[in-house]
Amino acid sequence: LKIDTDSSFVYKAPGFSAGVLALSGRVEIASLTTFFEENMAKDNWKLISTFKSPRTVMLFQKQNRWCVINITDGDFSTDVEIWVAPSIAESSPGLLK
């Protein structure tokens, strides 16, 4: 997969990072899903839910962060978006009070 820099955005600050990483290439969805399941677990992400249809969506949680991985399979390309965001309660403690 190659990074689509025009569609990607990462924001980093001390103790805080969020953003979206867009990738595309030709990869089989089943092997890509297995890759994310295994490698996200190695980095202490917990798989919360998976939706599989023409589009596959995987939802992970890690401490105070969430990750959504969206995989779509086109005719000539597989597109992946990896979204990472902090939990609202962690990024804005006063917001939920």
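Note that the coordinates shown come from a computational prediction; the quantities given were computed from them, not determined experimentally. (Residues numbered from 1 in each chain as written. Predicted model: local features only at pLDDT ≥ 70, side-chain atom pairs only at ≥ 80, totals over all residues. Heavy atoms only, no water.)

Asks: I keep staring at the pattern of salt bridges and nothing clicks. Help me out?
Replies: Side chains that differ in charge, positive against negative, can pair when their charged atoms come close. A full pass over the atoms with the stated rule returns 2 salt bridges. Between R26 and D73 there is a salt bridge, with its nearest N and O atoms 2.7 Å apart. With R26 in the loop between β3 (16-25) and α1 (29-42) and D73 in strand β6 (residues 65-73), the pair connects residues that are 47 residues apart, well separated along the chain. Judged by its relative accessible area of 37%, D73 is partly exposed. (Salt bridge = Lys/Arg side-chain N within 4 Å of Asp/Glu carboxyl O. Helix = DSSP H or I, 4+ residues; strand = E, 2+ residues; numbered from the N terminus. Buried < 20%, exposed > 50% of the residue type's maximum accessible area, 1.4 Å probe, protein only.)

Asks: What is the right way to read the nonpolar core from this model?
Replies: Generally speaking, a soluble globular protein has its nonpolar side chains buried in company with each other. Grouped together as the largest cluster of nonpolar side chains are 13 residues, with contacts concentrated most on F36, I69, I71 and V80. The set of elements that each furnish at least two residues to this core consists of α1, β5 (55-62), β6 and β7 (78-86). At 4 residues, α1 tops the list of elements feeding residues into this core. Beyond its immediate sequence surroundings of up to four residues, F36 is in contact with A41, M58, F60, I69, I71, V80 and I82. (Core = buried A, V, L, I, M, F, W, Y, C linked by side-chain atoms within 4.5 Å. Contact = heavy atoms within 4.5 Å.)

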